[in-house]
Amino acid sequence: YLVAEKDVGLYVAASRVSVMSVVLPNLIHSAFLPALSKAKGDDVAALAAARNHARAVGFFGGAIGGVGMLLAPAIIQVLFGPAYAGAEWSLIILMAHVMMFHLTQAYGTPLLAWQCDKPYTVILAVGAFVNIALNFLLIPSYGIVGAAAATLVTQALIWLGLIALARKAFDINHNGLMLRILLVTAVAVTAVWGMAKLVPSVTMAGAWAVLVAGGALYALIYGALAIASGVISPAELRHLLNRSEANG
């Protein structure tokens, strides 16, 4: 009701990509939920399980969200064609939301596993009302970019609310890990973007070539930085992939 029909189509295209990008957190949720539930009542085991879950979901958040922000124009080109080029900025913002959604799950899954679902639901409900208000505030002036920004801001507020709740209820503190993930993602995105600017031929290549080359380069840089900074270890990554495949 707030934008033209064409803009709605552009936003639907961008949002479909973002929806597909949050499938993995649900697989990680399924893989870790039994261990988290089993650890309830044992403070040491519970915090260790929560930390392992946060490392896993946070790592993939930076990986998926970062590459999505970096390669949004190529993704739109490959999936929907040049007619949807106007969806690029919305997708960039929505992929930042995807990363934030992963980071939110680092707190949400333990809260659900340990039956702290009522205050969790309250935070989600407040987030829903904030999102509605932001949509009415931002969309008339900024269109679908405003809609995407409203989604990102809402997710960030939910994330902050769950951080406070998890700290108060179970003494969960992932602040250092979250900061490292955000920094590693920012550095990796900036590095790949800077390299692309230095090599004009990359930007003139086809969308598929950009996706393959840019995605591979980002994966190498992000993975190396994540391992070097202690976000995740190679052994943890292999174990996580095996568990995700088993649950998939």
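(A) Just the overall build of the protein, in detail. Across its full length, the protein carries 10 helices and 0 strands. Along the protein, from the amino end to the carboxyl end, the secondary structure elements read α-α-α-α-α-α-α-α-α-α. For 248 residues, the compact-globule formula gives about 18 Å, and the C-alpha radius of gyration of the protein, at 19 Å, lands near that figure. A principal-axis box enclosing the C-alpha atoms of the protein has dimensions of 55 × 40 × 30 Å. The proportion of buried residues among the 248 residues of the protein is 43%. Put simply, of all contacts in the protein between residues at least 6 apart along the chain, 82% involve residues at least 24 apart.

(B) Quick peek at the nonpolar core. Leu-91, Tyr-107, Leu-162, Met-178 and Tyr-222 are the most contacted members of the largest nonpolar core, which has 64 residues in total. Beyond its immediate stretch of four places on either side in the chain, Leu-162 contacts Thr-104, Tyr-107, Gly-108, Leu-111, Tyr-120 and Ile-123.

(C) Spatial organisation of the side chain of His-102. Positionally, His-102 belongs in helix H5 (residues 88-113). Of note is the side chain of His-102, whose polar atom sits 2.8 Å from the backbone oxygen of Val-98. Apart from residues no more than four positions distant in its own chain, His-102 is found in contact with Ser-21, Pro-25, Val-57, Phe-60, Gly-61 and Ile-64.

(D) Representation of H5 in the model. The end-to-end C-alpha separation of H5 is 37 Å, in line with the 38 Å expected for 26 residues at 1.5 Å each. At Gln-105, H5 shows its largest kink, close to 35°. The buried fraction of H5 is high, at 21 of 26 residues. Remark: Gln-115 follows H5 within two positions and exhibits a positive phi of approximately 60°.

(E) Geometry of helix H6 (residues 117-170). Between its first and last C-alpha atoms H6 spans 13 Å; for 54 residues at 1.5 Å apiece the expected length is 80 Å, and the helix comes up short by more than 12%. Of all the bends in H6, the largest measures some 150° and sits at Tyr-142. Immediately beyond the C-terminal end of H6, within one or two residues, lies Asp-171, with a positive phi of roughly 60°.

(F) Local environment of the confidence of the model for the protein. Confidence in the prediction for the protein averages 90 pLDDT; 93% of positions are at 70 or higher. This model gives residues 199-204 a pLDDT under 50, and the stretch forms 2 contacts once residues within four places in sequence are excluded.

(G) Structural detail: the side chain of Asn-135. With respect to the helices, strands and loops of the structure, Asn-135 is situated in helix H6. When sequence neighbours within four positions are dropped, the list of residues in contact with Asn-135 reads Leu-2, Pro-140, Ala-147 and Ala-150.

(H) Region of the structure containing the environment of Ile-227. Along the chain, Ile-227 falls in helix H9 (residues 207-228). Along the sequence, Ile-227 and Phe-59 sit 168 residues apart, while their C-alpha atoms lie 9.7 Å from each other. Ignoring anything within four residues of it in the chain, the contact list for Ile-227 reads Ile-232 and Pro-234.

(I) Region of interest: unusual backbone geometry. Phi is positive for Gln-115, close to 60°, though the residue is something other than glycine. Given the relative accessible area of 60%, Gln-115 is considered exposed. The backbone phi angle of Asp-171 is positive, close to 60°, even though this residue is not glycine. Along the polypeptide, Asp-171 turns up in the loop between H6 and helix H7 (175-198).

(J) View of the packing of aromatic side chains. Counted by the stated rule, this structure contains 5 aromatic pairs. Considering the side-chain rings of Phe-59 and Tyr-222, the 5.4 Å spacing of their centres and the 40° angle between planes classify their relative orientation as tilted. Here Tyr-222 lies in helix H9 and Phe-59 lies in helix H3 (residues 43-70), a separation of 163 residues in the sequence. For Phe-59, a relative accessible area of 7% corresponds to the buried category. An aromatic cluster is built from Phe-59, Phe-60, Tyr-218 and Tyr-222, whose rings are joined through pairwise contacts.

(K) Structural view of the pattern of salt bridges. Applying the stated criterion across every chain, the model contains 1 salt bridge. Two residues, Asp-171 and Arg-167, come together in a salt bridge whose shortest N-O distance is 3.5 Å.

(L) Spotlight on the packing of H5 against H6. The contact between H5 and H6 brings their axes to 9 Å, and the two run at 15°. Accordingly, the angle class assigned to the pair H5 and H6 is roughly parallel. Pair H5 / H6 crosses with left-handed handedness. Looking at side-chain class alone, the contact of H5 with H6 contains 24 nonpolar, 7 polar and 1 charged residues.

Reading the values: rules and limits
- Residues numbered from 1 in each chain as written.
- Predicted model: local features only at pLDDT ≥ 70, side-chain atom pairs only at ≥ 80, totals over all residues.
- Heavy atoms only, no water.
- Helix = DSSP H or I, 4+ residues; strand = E, 2+ residues; numbered from the N terminus.
- Rg over C-alpha atoms; globule rule 2.2 N^0.38 Å.
- Buried < 20%, exposed > 50% of the residue type's maximum accessible area, 1.4 Å probe, protein only.
- Contact = heavy atoms within 4.5 Å.
- Core = buried A, V, L, I, M, F, W, Y, C linked by side-chain atoms within 4.5 Å.
- Polar contact = N/O pair within 3.5 Å; in protein donor to acceptor, adjacent residues only side chain to side chain.
- Expected span 1.5 Å × (residues − 1).
- Bend = angle between axes of the 7 residues up to and from the residue.
- pLDDT = per-residue confidence, 0-100.
- Phe/Tyr/Trp six-rings, centres within 6.5 Å; stacked < 30°, edge-to-face > 60°.
- Salt bridge = Lys/Arg side-chain N within 4 Å of Asp/Glu carboxyl O.
- Axes fitted to C-alpha atoms, helices over the stretch in contact; angles between N-to-C directions.
- Parallel < 35°, antiparallel > 145°, perpendicular 65-115°, else oblique.
- Left-handed = near helix turned anticlockwise from the far one by under 90°.
- Nonpolar A, V, L, I, M, F, W, Y, C, P; charged D, E, K, R; others polar.

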